[in-house]
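# Descriptive structure summary
Here are the chains, one letter per residue:
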Amino acid sequence: MTLTLASAATPAPKRQALVATAVASAAITMLMAGMLGVWLRFRAAADTRMSSDGRKVIKDWLPSDIKIPEVSSNTMLAGLFFGCVMAQWAVYAAKRDDSSHRSVALAVCLLMEVAIINAQVAVYSQMKIGVTDGAYQTMFYAITGVVVVLLAVGMAFTSVTWFRSVGGRDNDSHVVAAHALYWYVLTAVFCAVWFVVYVQK
Amino acid sequence: MTTIHTNVDVTAAGSRAASLVSVIADWITTADHKKIGRLFIGSSLVAAVATAVLAAFLGLERMSASSYSILNGDSVVQLFAAYQFSLVYAIVAPLFIGLAIAVVPLQLGSRSLSYPRLAAFGFWAWASGLIITLAALGANGGPGGGNSNMVDLYLLALGLVALGLSAASVSIAVTVLTSRAPGMSLLRTPMFSWSALMGSMATVLTLPVLIGTLAYLYVDHTYGRVAFGGNVDVTKWIGWSFNQPQTFIFAVMAVGVLAELAPIVAGVRQPLRPIMLIGITLVSTAALGAATQSTHAMSWTGTTSDKVQEFIPFALFNLLPILGVLIVLALGGLAAKAGRVKPTASFVFAFLGTGMILVGMLVHALSLIGPAALAGTVAQESSTLYVVYGAVMVALGAIVHWGPKLWGRRLPEKQMFGLAALSLVATVLSSLPYVLAGFLDQPGNAVAGWSYDVSALLNTVSTIGHALMFITVLGFIGLAFKHFTTGALAGDDPWDAHSLEWSIPSPAPAGNFADIATVGSAEPLLDVKPARQGASA
């Protein structure tokens, strides 16, 4: 016997893209938190010495011959914040069914991601360090490499959202919102990496 | 005539071959959650058989602690690595993820899984990673491996396994969060689906930490070998992912199976339902210890104040999951008291298996208390075995319970009761001797290097336990293969159950539900069924 329950109208979609992005963002946060935890553990275990004037303790985690290119790393951070504004502009436009502004905002986002990856390449070329040179160098390439992978995933996400927008998907606001959420999380994650790896050193 | 006959045969043979290719292609490219779930379940059960054989070989080698009898001394490290990896990532994790993928959309009244292709990617990534991991270990890779390329391959493949399981977990979590039937609030979610949400979220929060660590290890091992100790220290960095409390996370859904079945066999609505949900959630707090990779042990020294200071983090990280299991067991008992229990084989499997998981958790907590002196001993392996074999028992019960909805036929109850008893004996025999051996200072992950009077006896008993588990799972696979293909038809609701999957035909049709139902309570089928005689509403 098959039991019969009161039937309902087909329920409205429940913003699956947004929820899936939120869950994936939690995973990304844990991924980077774990990597930063290991980084900080190595940093904490590094030798210490007094500065030449004897006024502060210096950790010898960053090899003395390595200079962090701060302009390029700050450009990456600024680019991510600018991308957040563009992603939110896309959400704003999508809610108003303004397809032209939505497409322009997403295109600028894509451009920003290319610029950020370019800045990361600039960091690598300016630092002139080899991956086999020491513990710091190996870990630097590993953690920044993972950030580049996350940026590449973001580029793919932005491209898909942009193509859908250009293709006339006008009922796509939840996907645009999910894209913006990914940008926010990526920016927050990079803020932590920027502070720990590029500022605190 | 002959020519015509030949043509007919050739055509028929060609047709059969084309049909076989079509079936295989259908399974490989499927986006049907029931098929993806069954791919996970089937593969994990086969892995369970193979792992029990491997465990028995290691047990045989441990019977004599003075010399190597069967195995080559150089291969022991790789065999232990394969054993630990398989217990967790080839058996318990994919088994429950597969069950959740197959069952959760049916329980929620959903026509499909959210992002089924992501779940399919998860399966193939996991399966490929599993094969490559074992191949790399076989070619002298893995922790302590002498073949550098194979160590690299092992690290990559382990990352692929973690990525696959994470992807499938995202799909499960999103399904529970977004695809429930109208009227089904989160508080009305069936117990197993709730545990699937908790377990998959805990998985999503912990496995990326493993992936991040593997990224460091891979870059370091491939290029510099200056930071992470090369191949020797691989276990030091990722060993947490093969041990407790990470295994508790994969057992969350096992506890959910018991919570699902207890009110069904009692024929009542679950008393104190929100507390039961909290109990399941507490088990998933094991993610705290896993993600932080921190072991909060108790040295039990110093002043009372020192002891209290140690006890608080110890309790937070190690006792909360135990409290969760105790709550589920207690409320299951309350349901049994409120109704009239008609025990089924699936319930017996789930009840006994959850009991074994609880014992594993207790052994783990005990091993962290200083005066017990169990750290680094084989008692920690015992804890893993209790949890994994207990979870396998629960999973077998879950297959007995939901098998009718996936295959349309049911397994014979009498033989399943026998297998449940056998699996209990197998779990106790394989695990308990290692607890005792731990008190006698037998080291973990070693086949030699200790000496005490009853060493041969304890290790022999444990080996017999592994052999019995091999027989249990192999027997279950055989019976399942026979009865799910030619057994008795199950009917739509063979267990007089409560949730939505039992309102549709068995096996569940493509698209699951012809009409989307409206849910008015946590047990929607009880709303439309006459109350069982003797059971309170």
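Let us now look at the overall build of chain A. The number of helices and strands found in chain A is five helices and two strands. Moving toward the C terminus, one meets the helices and strands of chain A in the order α-β-β-α-α-α-α. Relative to the compact-globule value of 17 Å for 201 residues, chain A shows a C-alpha radius of gyration of 22 Å, a clear excess of over 25%. Expressed as lengths along the three principal axes of its C-alpha atoms, the size of chain A is roughly 80 × 50 × 30 Å. Across the 201 residues of chain A, 34% fall into the buried class.

Summing up its helical and strand segments, chain B has 17 helices and zero strands in all. Dimensions along the principal axes, computed over C-alpha positions, put chain B at roughly 75 × 70 × 45 Å. Across chain B, every contact between residues at least 6 apart in sequence was considered, and the portion connecting residues at least 24 apart equals 85%.

With that settled, the discussion passes to the packing of helix α4 (residues 116-138) of chain B against helix α5 (residues 148-178) of chain B. For any two helices packed against each other, the geometry is given by the interaxial angle and the distance between the axes. Residues and elements named next belong to chain B. Where α4 meets α5, the closest approach of the two axes is 7 Å, and the angle between their N-to-C directions is 155°. The orientation of α4 relative to α5 falls into the category roughly antiparallel. In the crossing of α4 with α5, the sense of the turn from one axis to the other is left-handed. Across the contact of α4 with α5, the residue classes tally to 22 nonpolar, six polar and no charged.

We now examine the interface of chain B and chain A. Residue-level contacts link 38 residues of chain B with 33 residues of chain A. Looking at the side of chain B that touches chain A element by element, the count peaks at 13 residues for helix α6 (residues 191-224) of chain B. In terms of residue class, the side of chain B that touches chain A is made up of 25 nonpolar, eight polar and five charged.

Its 27 residues place the ends of helix α5 (residues 173-199) of chain A 37 Å apart at the C-alpha level, agreeing with the 39 Å of an ideal helix rising 1.5 Å per residue. In the segment just after α5(A), A:K201 is the residue with positive phi, at about 65°.

With that out of the way, let us pick up the nonpolar core. A general tendency of soluble globular proteins is for nonpolar side chains to be buried together. Within the largest apolar cluster, 238 residues are counted, with the highest numbers of intra-cluster contacts made by B:V92, B:F96, B:I101, B:I280, B:A391, B:V392 and B:A395. In contact with B:I280, other than residues within four places in its own chain, are B:M191, B:W194, B:S195, B:M198, B:V252, B:V255, B:G256, B:A259, B:G324 and B:V328.

Here the focus is α5(B). Taking 1.5 Å of rise per residue, the 31 residues of α5(B) would be expected to cover 45 Å, and the 45 Å separating its terminal C-alpha atoms lies within 8% of that figure. For α5(B), the buried fraction is high: 26 of the 31 residues fall into the buried class.

Below, the discussion takes up the confidence of the model for chain B. All names here are of chain B. Averaged over all residues, the pLDDT of chain B equals 91, while 96% of them reach at least 70. Taking the mean pLDDT of every element in chain B, the minimum, 73, falls on helix α1 (residues 2-29) and the maximum, 97, on helix α13 (residues 345-367). Predicted confidence is poor over residues 533-537, with pLDDT under 50, and the contacts of this stretch with residues over four places away or in other chains come to 11 contacts. Here the complex is predicted with pTM 0.93, and the ipTM for its interfaces comes to 0.92.

With that settled, consider unusual backbone geometry. Residue and element names in this part refer to chain B. For the peptide bond that leads from Q244 to P245, omega is 5°, which places it in the cis range. Among the secondary structure elements, P245 is positioned in the loop between α7 (234-238) and α8 (246-250). Despite not being glycine, W300 has its phi angle at roughly 55°, a positive value. Looking at the secondary structure, you find W300 in the loop between α11 (286-292) and α12 (304-338). In this structure W300 comes out as partly exposed when scored by C-beta crowding, with 14 C-beta atoms within 10 Å.

Residues and elements named next belong to chain B. Between helix α9 (residues 252-266) and helix α10 (residues 273-283), the least distance of the axes is 9 Å, while the angle of their chain directions is 160°. Considered as vectors, α9 and α10 are oriented roughly antiparallel to each other. Note that α9 runs across α10; the crossing there is right-handed. Facing α9, whose interface residues are V252, V255, G256 and A259, α10 presents M276, I280 and V283.

Our focus in this paragraph is the environment of B:Y389. Residue and element names in this part refer to chain B. One can find Y389 in helix α14 (residues 379-407). Given 31 C-beta atoms within a 10 Å radius, Y389 is considered buried. Here the alpha-carbon distance between Y389 and H466, two residues 77 residues apart in the chain, equals 9.7 Å. Excluding anything up to four places from it in sequence, Y389 contacts M356, A426, T427, S430, S431 and M469.

Right, let's get into the environment of A:C84. Of note, A:C84 is situated in helix α2 (residues 70-95). A:C84 has contacts with A:W183, A:Y184 and A:T187, leaving out every residue within four places of it along the chain.

Reading guide: rules and limits
In this convention, every chain numbers its residues from 1, walking through the sequence in written order. To label them, take the chains in the order written and letter them from A, then take the ligands in the order written and number them from 1. Given that this is a predicted model, residues contribute local features only at a pLDDT of at least 70 and side-chain atom pairs are listed and counted only at 80 or more, while totals for whole chains, interfaces and linings are drawn from all residues. Numbering of helices and strands runs from the N terminus, with a helix taken as a DSSP run of H or I at least four residues long and a strand as a DSSP run of E at least two residues long. Each radius of gyration reported is based on C-alpha atoms, and the globular scaling rule is 2.2 Å times the count of residues to the power 0.38. With C-beta atoms placed from the backbone, a residue is buried if 20 or more other C-beta atoms are within 10 Å of its own, exposed if 12 or fewer are, and partly exposed between those counts. Two residues qualify as a contact pair if the distance between their C-beta atoms, derived from the backbone, is within 7 Å. Between N-to-C directions, angles cover 0 to 180 degrees, with each direction set by a line fitted to C-alpha atoms, over the stretch in contact for helices. Orientation is classified from the angle alone, with under 35 degrees giving roughly parallel, over 145 giving roughly antiparallel, 65 to 115 giving roughly perpendicular, and any other angle giving oblique. The crossing is said to be left-handed when, going from far helix to near helix, the turn is anticlockwise and less than a right angle, and right-handed when the turn is clockwise. Under the convention adopted here, Pro, Cys and the residues Ala, Val, Leu, Ile, Met, Phe, Trp and Tyr are nonpolar, Asp, Glu, Lys and Arg are charged, and Gly plus all remaining residues are polar. To estimate the expected span of a helix, count its residues, drop one, and scale the result by 1.5 Å. In these notes, a nonpolar core means any group of buried Ala, Val, Leu, Ile, Met, Phe, Trp, Tyr and Cys residues linked to one another through C-beta atoms within 7 Å. The predictor attaches a confidence to each residue, called pLDDT, with possible values from 0 through 100.

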